[in-house]
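This is what each chain is made of:
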Amino acid sequence: MSVAVYFYQEDLIDVGVSFVLSLVLGYLVFHYLIEKYVYSKIKLIYKLIHNLKLGKDLKDALGEYVSNDPINDVEQEVKEWARVKKIEIDALKKQEKFRRDFLGNISHELKTPLFAVQGYIEALSDDAMEDPELARSFLSKASKNIERLSALISDLDAISKLESGEMQILYQRFDITALIREVFEQMELKARTKNITLTFKEKYQTSTFVYADKAKITQVLSNLIENSIKYGKEDGTTSLKIFELHDQILVEVTDDGNGIEEKHLSRIFERFFRVDKSRSRQEGGSGLGLAIVKHILEAHEQTITVRSTSGVGTTFAFTLARNK
Ligand code: ADP
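Residues numbered from 1 in each chain as written. Predicted model: local features only at pLDDT ≥ 70, side-chain atom pairs only at ≥ 80, totals over all residues. Heavy atoms only, no water.

Our focus in this paragraph is the packing of aromatic side chains. For any two aromatic rings, the description comes down to two numbers: the centre-to-centre distance and the angle of the planes. Within this structure, the stated rule accounts for five aromatic pairs. Between Tyr 120 and Phe 138, the aromatic rings sit 5.4 Å apart at their centres with planes inclined by 50 degrees, giving tilted as the arrangement. Of this pair, Tyr 120 sits in helix 2 (residues 70-126) while Phe 138 sits in helix 3 (residues 132-164); the two residues are 18 residues apart in sequence, bridging distant segments of the chain. Like Tyr 120, the residue Phe 138 is buried in the burial classification. The interplanar angle of 15 degrees and the centroid separation of 5.3 Å between the aromatic rings of Tyr 171 and Tyr 211 together place this pair among those described as stacked. In this pair, Tyr 171 is assigned in the loop between helix 3 and strand 1 (172-175) and Tyr 211 in strand 3 (residues 209-212), connecting sequence segments 40 residues apart. Note on Tyr 211: relative accessible area 39%, which makes it partly exposed. We note Lys 85 situated over the ring of Trp 81; from NZ or CZ to the ring centre the distance is 4.9 Å. (Phe/Tyr/Trp six-rings, centres within 6.5 Å; stacked < 30°, edge-to-face > 60°. Helix = DSSP H or I, 4+ residues; strand = E, 2+ residues; numbered from the N terminus. Buried < 20%, exposed > 50% of the residue type's maximum accessible area, 1.4 Å probe, protein only. Lys NZ or Arg CZ within 6 Å of the ring centre and 35° of its normal.)

Quick look at the structure:
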């Protein structure tokens, strides 16, 4: 009986030892497999994502950095990676929509005057030639549309150069009061067609020097003053004011025209945005004037704002760097 119990105990020990041994062996094999096929792969993915995030090239992305806890960290990294990529994809989609809209707008804008010219030429070659009066009127309309086309092309050229950063800002010191008077002289004829008075008070006779690109600020002033005439009322007034701030000059262009409704104000500097499309076209506008103005001022690291009251008038105010 005691011999049987002895054997029975030995068997139990053998079974226990083999169980523990197989457990240890199983663990080692399992650990080895996990390490070889899963853990090392996760480490690779982790290193790849981490180093790509640091801006390394793909070929260097499997570099040195290894986390102490890649399994947990890889989850965080993947989440962060996905978040950043989503933002980038959304921005690219927005840009793509912007690009498509822009191309659509350009072709539409070019088509309108081009088809008008084509129409007048066809009419001339049909029977309008017989009537010299009519022929002259068609030729003059065709020529106005060609002017519109070339103004549009030069605005498109300006905006694409400004947006790509190709257009350099050539800074110089100049007197802004003298420039305002010069631009007023150039606009005099246009203002007279609507009997609009251009005012710049006597008190601004003393020179006020700014540091900016004179040719581009001339364009800013021309666009704003021209708009105040185009969208101003008959017998109205456009007045220019300047204010000396600490290290800047504030220039204000104010008209007493129809104004811009509040709901449109936030979009007024967008390319091709017009409150009243037919009025803008009738005035020969490209819809790019204010976008160009904003780009020019931003390239100078300056700002432009607009305030307007429907039926009362509009004020555009922009800053320039002061040069004492
Ligand atoms: P465009 O005059 O060629 O249409 P702009 O970019 O210069 O293009 O102006 C965009 C729009 O802003 C105009 O179509 C017009 O509706 C509005 N706008 C600009 N200036 C004024 C102003 N002084 N008064 C009223 N509306 C204005």
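Additional details are given in the paragraphs that follow.
In spatial order, the strands read 2-4-5-7-6; together these five strands make up an open sheet with mixed pairing. A single partner strand is all that each edge strand has here, and the edge strands are strand 2 (197-200) and strand 6 (304-309). Each adjacent strand pair in this sheet contributes to an overall mean axis angle of 15 degrees, direction not counted. Set on the sheet, helix 4 (residues 176-193) makes contact with strand 2, strand 4 (237-244), strand 5 (248-255) and strand 7 (313-321); between it and strand 2 the angle comes to about 170 degrees. Where helix 8 (residues 289-299) meets the sheet, it contacts strand 6 and strand 7, and its direction lies at approximately 25 degrees from that of strand 7. (Pairing = 2+ DSSP bridges. Axes fitted to C-alpha atoms, helices over the stretch in contact; angles between N-to-C directions. Contact = heavy atoms within 4.5 Å.)

So, on to empty space enclosed by the protein. If you walk through the whole model with that rule in mind, you get one cavity of 30 Å³ or more. Taken as a whole, the largest cavity spans an internal volume of roughly 50 Å³. (1 Å grid on protein atoms, 1.4 Å probe; cavity = no way out; pocket = protein on both sides within 12 Å on 5 of 7 lines; lining within 4 Å. Points joined across faces, edges and corners; volume = space filled by probe spheres on them.)

We now examine the pattern of salt bridges. Per the stated rule, a full pass over the model turns up 17 salt bridges. For Asp 90, the salt bridge identified is with Lys 86, shortest N-O distance 3.1 Å. Of this pair, Asp 90 and Lys 86 both sit in helix 2, four residues apart, which is roughly one turn of that helix. Overall, Asp 90 belongs to the partly exposed group, its relative accessible area being 36%. Notably, a salt bridge pairs Arg 307 with Glu 252, separated by 3.2 Å at the nearest N-O pair. Of this pair, Arg 307 sits in strand 6 while Glu 252 is found in strand 5, placing the two residues 55 residues apart along the sequence. Overlapping salt bridges, with partners in common, bring together Glu 96, Arg 99 and Arg 100 in one network. (Salt bridge = Lys/Arg side-chain N within 4 Å of Asp/Glu carboxyl O.)

On to the side chain of Thr 238. With respect to the helices and strands, Thr 238 occurs in strand 4. Overall, Thr 238 belongs to the buried group, its relative accessible area being 0%. In this structure the side chain of Thr 238 is engaged in a polar contact, spanning 2.8 Å, whose partner is the side chain of Ser 228. Apart from residues lying up to four places away in sequence, Thr 238 is in contact with Phe 184, Ile 196, Thr 197, Leu 198, Thr 199, Ser 228, Val 253, Thr 254 and Asp 255. (Polar contact = N/O pair within 3.5 Å; in protein donor to acceptor, adjacent residues only side chain to side chain.)

Only one face of strand 6 is buried, namely the one carrying Ile 304, Val 306 and Ser 308, since none of Thr 305, Arg 307 and Thr 309 on the opposite face is buried. In the sheet, strand 6 pairs with strand 7 via six bridges, with the strands oriented antiparallel. The residue of strand 7 that forms the bridge with Arg 307 is Thr 315. Where strand 6 hands over to strand 7, the hairpin turn is made up of three residues, of which Gly 311 adopts a positive phi near 85 degrees.

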